[in-house]
Every structure is written in structure tokens, then in C-alpha cells.
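# Structure at a glance
Letter by letter, the chains look like this.
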Amino acid sequence: MLSAPSRGAALLRSSQRVCLQCARTSTTITRAAPLAAGRRYFASAEAVATPPPSSQTPPTQQQTRTKTATSPQQSQSPAYRIKSGIILTRPPLLTREQTPFESAFYLYQKRLNERLTAPFRKDFYFKKDTASDLDWKIKLKERHGVPAKDIGRYNPRGRMAWNDEVLTGSTTSSPENVLEALLADAEARVSEDGEIMAPEERVPVERPVPRKTEADEKNDVRRLDRALDRTLYLVVKREVEVGGKKEAIWGFPTGLVHTEEGLHETTARVLAEAAGVNMNTWIVGRVPVAHQIVQPIEKGEKPEESKEKLFYLEYLKEQADLKARGVKSEQVEERGEKIFYLKGRIMAGQADLKGNKHGYTDFQWLTQEELKEVLPEKTFKSVRNMFDLR
Amino acid sequence: MGSKLPTTLLRRPTLAGAISSTSPPSTNSPRLSSPIIPINQVRHATFVPRHRRPYQFTQLVQLSDGSTYTVRTTSPQALYKSAKDSRNHILWQPSNSSLKNVEVDEAGKLAAFRERYGRAWDADAAPAAGTPEASEAPEKKDEPAAPVTEEVIDPFDSLTDLISGFATQNEKADMSGLSAKEQAKKEKFSKKKK
Amino acid sequence: MSSTLTTALRGLRLTPFLPIRPSVTLPSIPSRPLSTTSVPLNKMSPQYLAAKGLNKKSKAKNNAPRQPNFINMLRHLAVLSPRRIPAPLRMARNRYLRHWTIHRAWLMYRRKEREAREKVWMRQYQSMNHACEELRLTSGPGSRDEGSLFRTALEKWGVYGLKGVPIEYTRAQTETPARVAWNHDWKR
């Protein structure tokens, strides 16, 4: 392991070096920004009370607050509580839908292929005068001599070989038609004895399950087999009393990081405590994928105006605690929070909020767009960059 | 915006590339007809090897759990039903307990064997408490055996009683999901350990 | 055509252009006039083999029972021989224009998809980078040093190796779901 100063120096040097090619196209590449006030390239051993300049409140306000802290113990304690959250996702189980351009292109390519490949040799696959051979002959005749099932009627040889394009508005290319053609061909027309089966005798083939499941129809947001071609994210609800009336706030499960724990250990513990153990999950490594900084509640600020601050129960517990001890509200050290989210994947099972210690009352599995409507604005903005394509 | 992306930065514009990508189609494209004839005309016929590709069909592959996808293949079969794949194999579904110790008893041969020689030779027979009386070899049962599922495992029948006194707890190696070669290796290793 | 050919060859040689005769494949008995020595026995000649009854074809036909009809691989692969492969396509002007348009549209479509994917990766990377930077400048819970959580987060224990990624995570996407799309009743 490199020592702290040498690591910082190496970073500085590499940021100023660019290869010849990149130096030539220098208009697009931005130069490394000069060191911002207070930002260092190494982590020093001493505890730093001032928050980094990227936080939302202006630095001056923070500094005045730390200066006016009364007790010596409080001035040494850090300004932020550290929490770890879990963004548990169910990856998509299905491929995305084919766009109309894609389907049309695939049909075009298949028709071209028909013109450019070697002809199909039936004798290699079907032995003469067997049941499968008769079956093939019947189906081939119905397709007017075209061996492929999904390209419609086209003969690559002869006087109409030039006519390989379908007309606009044709449905030959749609995935549903292709599926129907394949399933129709999969049906056996000749029995094992070699007898041609009448339409009533033909056994229909097991159809594939439709892409929209029952949960899609009912729009049941608590089930995991909804929206199978999208990623689903787990969010939990907490009900908080604000000025006499109850408000529901949604967010990701979070918990305080204990002194001896690493972020990944806290995340695993929070997941087990909040959503139960009957889920086959995997937390992806130890590195956080997103972070959120919650500013402490200002002296004059009303809690109703900062809904997401109420989501974090620790703040309210602490307030209640201090009040019980008789500490006056002006003397209360109001700390903000830094939440680091880790990504988790679920492979089987379902969340169960029964008996969870964090006070969550309900859960939902939502897609990206639904998250935008349900999550508080600042939480959504913190996590939206970790979303996947779909 | 596009120039900031990694792959677009890597694509160095070449003179030849620029010309070929934006040229109007009136010039001969080498893709569909014969090569461009240079100024010093030489018309020796040269053999240009063309792609010799077999005829291909679209096929629906249905896995053992019912999910499907399409593939391009030379097989004329429209629907391919897979009996054994990663969806019902224990190596890929380690948490699926129903896949463990799957015994396909076709023609009732295993049941007949158990009837004659008892359950001593079962792979997952639990070693019973080691007693000296149980060291007798199991006798051939002449009477018809009870159905396999309802058989009461008689502790005196198990041959593992013989060795349970000498064997340690971890001797029983888990052989599920391993090929014959790997099983042999494991046995050899455990023998060496002794 | 021949005039251009000869003009091209003028500088090189003046030998006449001779057609290449196909080589004679059948063995023939060489003519030997005015020779008194006897012709040496050619044990590979068809006449000799027929006389001796060593001709494979006739033997197979008459004596051995009819063999089962195995697939003739040569005949199957013959359809892939260069002579029998369809010729490169030739298109009229408008037809070629349509083909060119479709090709360009497909390339553009692929570029759009690729750029969307790369943008998502860039966003995800930046989000992680920003979170790690924040963590690096954070003094840990209680009395922990600044950046100690960051250093724990960047350790690589258990990341690489056989148990690094659970095998159930490697489930491939399909086009239609399974009969039981999701196992909600999974218990640890």
C-alpha cells in the first residue's frame, strides 16, 4: 500500500498527462480542474469538521454553526451521521421488445439469406418414407415450397427471384406472426404409424407463456413478476406524523453504520432486519453506487418542508432522547446525514416487513419511471445516476 | 457530445473510411458486384472465394422451465424442447433442494435392488448408531418388499454400521453435482487424508 | 480480346499461347512396337483385377448383402461446393439504393443503441466515483479516522474467485417467461 502523500502525487501527475492523440483533440477534453478550496487528494488522519464544498448549504452557514457549538464534546463530534442504504434490484428476466424497424430488417436479411445460401437438402435430415418425412412434405407443400417458416412466400430461383422485398404494411415480419408460424410448424401432422392426422386429431403444441403476466394486468406493485423486461427497485414506506397528520414517505432501506462495521456489513444487516431473510440476494461488492447528503434541520426550519429528513428515524429519536434528558432545543446539536447506497440483486424470494425494527410499514417493487413519482425529489436525484438502461 | 464517448474517441477517422462511408451509391460498391477495375486494366479472372453457407432456419428453443427464445440454426425442427438445461440442473440452481438426490427409477430396477439387498447401498443412507450386532451382513429378503416410499429403514440392515464406529463425521463426502472423474478424485483425496 | 492479350505479352515473350490439355487419368498400356520382350505384368490394371476377381465394385454388388443406406456425407457437402453456391446478387439502380438506405439506417440504429449504453455506463461510473470521493473525505462513525470507511470499501476480499458471484445471478434473459415466472416462496 502506498503512503498517503505519494498516492496523491501520482494522481496529480496522471491527470496532467495525456497521450498525443488526445492532446490533438484537446477541444473536447476538459483540463483537470485546479484544486478546489478545501479539497485534497489524500485522506488525512485528523477528523475534519467542515463539510466538503459540494454540499448544498453554503459553507459560511456551516462554519458559524460549528463555532457556536457550546460543549467541547459536541465540537469534536462530526457534523454528519453516517448511514448505509441498500438499493435492491431485480434485473430484467426478458429481452426487450423488438422495434418495428428491427423486425422489418430481420425479415429483409432472411430474404437475402434465402438468395445466397446453399439449398436445403431434405435427405440429410429426413429419411425417405418415414413419418417425419411425410410430415415435412405436407408442410412444405402448404408453404408453397419454401423450407423456411418465417419469411412468407418467396422463391429465390426463377423468374420472380428479383421480388424479394415485402410491400409496406406487410405483417410477415412481426414477431407475433413469426411465433405463430413456428408453433404451427411444430404441430405433428403425421402420426407415428405414418397416418395423416385429421385436424381434430392434431395435438396442439404448448404455447409459450405471454410476456405480460397476471401481475402486469392487475398492476400489483408488491409482486416481482411484474414488468419482466424492466429492472425493479425495492422501496419501503415509513409513516411519520407531521403536525398532527400522518404522512407516508418512501425511500430505500437505510440504517446507521456502527463503529466496528464496514459499509457492506451494515448494508447486509439492514437488509436482513428490514426485508427479512427469505430472499436469495447478493450485495454487489463493497463499493457504494450512490450517495445522498441530508442537511440537518435548521433552527427556524419547519420539519414539514423537508419531508425526506423525516424519513430518517434516527434524527427524530435523537431529538426525543435529548428532550427527555431535558436538553434545551437551542443547545441541541443538529447533525446532518450522509447516506451511502450499495447495490444488491435479488434472485428469488420476496420481501417480508414483519417485525422489522426500522418502522417500515409497506414495500413496493417499482420501475425507474414509477420511482420518480414516488420518491422525494432529493432522494431520486441522488440515485438516478445508478439506474440501468431499462 | 458523441465525440466524448469512449468508442467514438477510439475511432480515428481514416481517409479511406470517410470516402467509402459517404460515397454515393453510383460508384461500384465491392459488396454486391465484382471488384473495382484499376487504371492499368488487367482482366485475368481470379478466383474470389465466396461464403459457402448452409441453409438456416429460425427455431424456438423451449427450456425445461417453459421459457423460450429464438435462434438461427441449420435444423429444420421448428420447436426444440430441452429436457435438461441450466434451469433444472443442480450446478446452476444450488438453492433448489428438489434437484438434490433425484432418483429416476425407470422400470423399477432400483426398487427391486432394494428389495433384495436392502438400503445398505443407498448413497444417502444415514449411518446408524454403531452396535456389534449390526455387523451381520444383510440377508436376502425372499418375501415381496413394501413399496419404496413406505419402507421403514431398519438400522440393522445398514452396512455403514460396520464402519461408523471407525469413521469420523466428515468422511461422508458430498458427491452431488460432480462428474465421475471429479468423484474419483475426491475419493482419492479423502483416502490420502486418512 | 486476344489482341489485348498479345499486346500485353509482347514485352515478355514471343512463345505461342498453348491451351492446357487435361491430364490423362485412366491408366493405359504403353505401345511398344518392335519389341520382343514380354510386357511386364501391371497388377493395377483393371483387366488384371477383373480377371483375378479383385474388382471391389463387382464383388460388392454380387457377393455381399445390401448394406444399410448410410447418409452420404460427400453428397450432402457437395451442395456447399463453390460451383453450386448461388452467384453474388446483382441489383438494379433503385433496388440498390433501397439496400444502401437500409444498410445505413441499420448502422445508425446500432450507433444509437451503443451510445445510449455507453452513456448509462458513464453515469453509473460517475455516480460511484462521486460517492467514493464523498466517502474518502468522511470521518467514520464515532472516533474512526477520515477515510477509514473508504479504505474498507475498496478492499477486494472475496471479489475474485469461484465464490465471487453467485451462479443464480448468471441467469440469461429469454424472450418469454417461464411457467412460474418468479419463485415468491423461496425460503432460506
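Residues numbered from 1 in each chain as written. Chains lettered and ligands numbered in written order. Predicted model: local features only at pLDDT ≥ 70, side-chain atom pairs only at ≥ 80, totals over all residues. Heavy atoms only, no water.

## Regarding unusual backbone geometry
Residue and element names in this part refer to chain A.
- Of note in the backbone geometry, asparagine 219 takes a positive phi value of approximately 55° without being a glycine.
- Inspection of the secondary structure assignment puts asparagine 219 in the loop between α9 (214-218) and β2 (232-242).
- By relative accessible area, asparagine 219 is classed as partly exposed at 47%.
- Although it is not a glycine, alanine 227 adopts a positive phi angle of roughly 45°.
- Structurally, alanine 227 is set in the loop between α9 and β2. (Helix = DSSP H or I, 4+ residues; strand = E, 2+ residues; numbered from the N terminus. Buried < 20%, exposed > 50% of the residue type's maximum accessible area, 1.4 Å probe, protein only.)

## A closer look at helix α5 (residues 100-116) of chain A
- Here α5(A) contains 17 residues, and its C-alpha end-to-end distance of 25 Å stays within 8% of the 24 Å for a straight helix at 1.5 Å per residue.
- If you check which residues of α5(A) are buried, you get A:Glu102, A:Ser103, A:Phe105, A:Leu107, A:Tyr108, A:Lys110, A:Arg111, A:Leu112, A:Asn113, A:Glu114 and A:Arg115.
- Looking at the buried residues of α5(A), the elements they touch are α8 (175-186) of chain A, β1 (57-62) and β2 (68-73) of chain B together with α5 (93-136) of chain C. (Expected span 1.5 Å × (residues − 1). Contact = heavy atoms within 4.5 Å.)

## Topic: the interface of chain C and chain A
- Contacts between the two partners involve 71 residues from chain C, matched on the other side by 79 residues from chain A.
- Applying the counting rule to chain C against chain A returns seven salt bridges.
- Among the salt bridges present, the one from C:Arg98 reaches A:Glu165, with a minimum N-O distance of 2.9 Å.
- On the surface where chain C and chain A come into contact, there are 32 residue pairs in polar contact (both at pLDDT 80 or more).
- Looking at the side of chain C that touches chain A, the element that brings in the most residues is α5(C), giving 22 residues.
- For the side of chain C that touches chain A, a count of residues per class yields 34 nonpolar, 17 polar and 20 charged. (Salt bridge = Lys/Arg side-chain N within 4 Å of Asp/Glu carboxyl O. Polar contact = N/O pair within 3.5 Å; in protein donor to acceptor, adjacent residues only side chain to side chain. Nonpolar A, V, L, I, M, F, W, Y, C, P; charged D, E, K, R; others polar.)

## Here we look at a negative patch on the surface
- A cluster of acidic residues, A:Glu192, A:Asp193, A:Glu195, A:Glu200 and A:Glu201, forms a negative patch at the surface.
- Within the element layout of this structure, A:Glu195 appears in the loop between α8 and α9. (Patch = residues over 30% accessible without salt bridge, like charges linked within 9 Å, V, L, I, M, F, W, Y side chains within 5 Å. Areas by Shrake-Rupley, 256 points an atom, 1.4 Å probe, with all protein chains shown as cover. Lys, Arg positive; Asp, Glu negative; His and termini not counted. Charge placed at Lys NZ, Arg CZ, Asp CG, Glu CD.)

## Thoughts on the nonpolar core
- Grouped together as the largest cluster of nonpolar side chains are 37 residues, with contacts concentrated most on A:Leu88 and A:Trp365.
- Mapped by element, the contributors of at least two residues to this core are β1 (80-90), β2, α10 (263-275), β5 (279-283), β7 (336-349) and β8 (362-366) of chain A together with α5 and α6 (148-153) of chain C.
- When sequence neighbours within four positions are dropped, the list of residues in contact with A:Trp365 reads A:Leu88, A:Arg90, A:Val221, A:Arg222, A:Arg223, A:Leu224, A:Arg226, A:Leu232, A:Tyr233, A:Leu234, A:Ile346 and A:Gln350.
- Ranked by size, the runner-up nonpolar core spans 17 residues in total, among them A:Tyr233, A:Trp250, A:Ala290 and A:Val383. (Core = buried A, V, L, I, M, F, W, Y, C linked by side-chain atoms within 4.5 Å.)

## Observations regarding the interface of chain A and chain B
- Across the boundary between the two partners, chain A contributes 26 residues, which contact 22 residues of chain B.
- Counting the surface lost from both chain A and chain B, the interface buries some 2,000 Å², and carbon and sulfur atoms represent 57% of this.
- Between chain A and chain B we count zero salt bridges in total.
- Counting across the interface, chain A meets chain B through seven residue pairs in polar contact (both at pLDDT 80 or more).
- Only α5 and α8 of chain A provide two or more residues apiece to the side of chain A that touches chain B.
- Per-element accounting of the side of chain A that touches chain B gives the leading share, five residues, to α8(A).
- Tallied by class, the residues present in the side of chain A that touches chain B amount to 15 nonpolar, five polar and six charged. (Buried area = accessible area lost by both parts, 1.4 Å probe.)

## Side note on the environment of A:Arg384
Residues and elements named next belong to chain A.
- Its location among the elements puts arginine 384 in the segment after α14 (377-383).
- On the accessibility criterion, arginine 384 (40% relative accessible area) is partly exposed.
- Separated by 16 residues in the primary sequence, arginine 384 and glutamine 368 place their C-alpha atoms 8.3 Å from one another.

## As for the sheet that holds β2(B)
- Taking strand neighbours across the sheet as the criterion, the three strands line up as β2-β1-β3 (chain B) in an open arrangement whose pairing is mixed. Single-partner strands in this sheet number two, and they are β2 and β3 (79-81) of chain B. Geometrically, the sheet is characterised by an average inter-axis angle of 30° between neighbouring strands, direction not taken into account.
- Here α8(A) sits on the sheet and contacts β1, β2 and β3 of chain B; the angle it forms with β1(B), its principal contact strand, is near 80°. (Pairing = 2+ DSSP bridges. Axes fitted to C-alpha atoms, helices over the stretch in contact; angles between N-to-C directions.)

## Here's the deal with the confidence of the model for chain B
All names here are of chain B.
- Scored by pLDDT, chain B has a mean of 72; 54% of the residues are at 70 or more.
- Taken together, the stretch residues 15-23 has pLDDT below 50 and engages in two contacts with residues farther than four places along the chain or on a different chain.
- This stretch, residues 125-151, has a pLDDT under 50; its non-local contacts, to residues over four places away or in other chains, come to 33 contacts.
- Predicted complex metrics record ipTM = 0.77 and pTM = 0.68. (pLDDT = per-residue confidence, 0-100.)

## Things to note about the pattern of salt bridges
- Per the stated rule, a full pass over the model turns up 34 salt bridges over all chains.
- Across the salt bridge formed by A:Arg211 and A:Glu97, the nearest N and O atoms sit 3.6 Å from each other. Of the two residues, A:Arg211 is situated in the loop between α8 and α9 and A:Glu97 in the loop between β1 and α5; the sequence distance between them amounts to 114 residues.
- Across the salt bridge formed by A:Lys237 and A:Glu239, the nearest N and O atoms sit 3.7 Å from each other.
- The exposure class of A:Glu239 is partly exposed, given its relative accessible area of 39%.
- Among the charged side chains, a salt-bridge network with shared partners connects A:Arg115, A:Asp164, A:Glu165, C:Arg95 and C:Arg98.

## Things to note about a nonpolar patch on the surface
- Taken together, the side chains of B:Leu91, B:Trp92 and C:Ile167 make up a nonpolar region of the molecular surface, amounting to roughly 250 Å² of accessible area.
- Summarising the element assignment, B:Leu91 is placed in the loop between β3 and α3 (109-117).

## What to know about the side chain of A:Lys110
- Looking at the element boundaries, A:Lys110 is found in helix α5.
- A relative accessible area of 16% means that A:Lys110 is categorised as buried.

## Let's talk about the packing of α5(A) against α5(C)
- Axis separation between α5(A) and α5(C) bottoms out at 12 Å; the angle between their running directions is 130°. Judged by the angle between their axes, α5(A) and α5(C) are oblique. Crossing of α5(A) over α5(C) shows left-handed handedness. Two secondary-structure elements touch here, α5(A) through A:Phe101, A:Glu102, A:Phe105, A:Tyr106, A:Tyr108 and A:Leu112 and α5(C) through C:Arg95, C:His99, C:Ile102, C:Ala105, C:Trp106 and C:Tyr109.
- For the contact of α5(A) with α5(C), the residue count by class is nine nonpolar, one polar and two charged. (Parallel < 35°, antiparallel > 145°, perpendicular 65-115°, else oblique. Left-handed = near helix turned anticlockwise from the far one by under 90°.)

## Some details on the confidence of the model for chain A
- Averaged over every residue, the pLDDT of chain A is 83; residues scoring 70 or more account for 75%.
- In the model, residues 46-76 of chain A has pLDDT below 50 throughout and makes 33 contacts with residues more than four positions away in sequence or in other chains.

## Points about the packing of aromatic side chains
- According to the stated counting rule, one finds 20 aromatic pairs over all chains in the structure shown.
- When the centroid spacing of 3.9 Å and the interplanar angle of 10° are considered together, the rings of A:Phe105 and C:Trp106 count as stacked. Residue A:Phe105 is located in helix α5, and its partner C:Trp106 is located in helix α5; the two belong to separate chains.
- On the basis of relative accessible area, A:Phe105 is assigned to the buried category, the value being 10%.
- Here A:Tyr106 and C:Trp106 contribute two aromatic rings whose centre-to-centre distance is 5.9 Å and whose plane-to-plane angle is 70°, an arrangement assigned as edge-to-face. (Phe/Tyr/Trp six-rings, centres within 6.5 Å; stacked < 30°, edge-to-face > 60°.)

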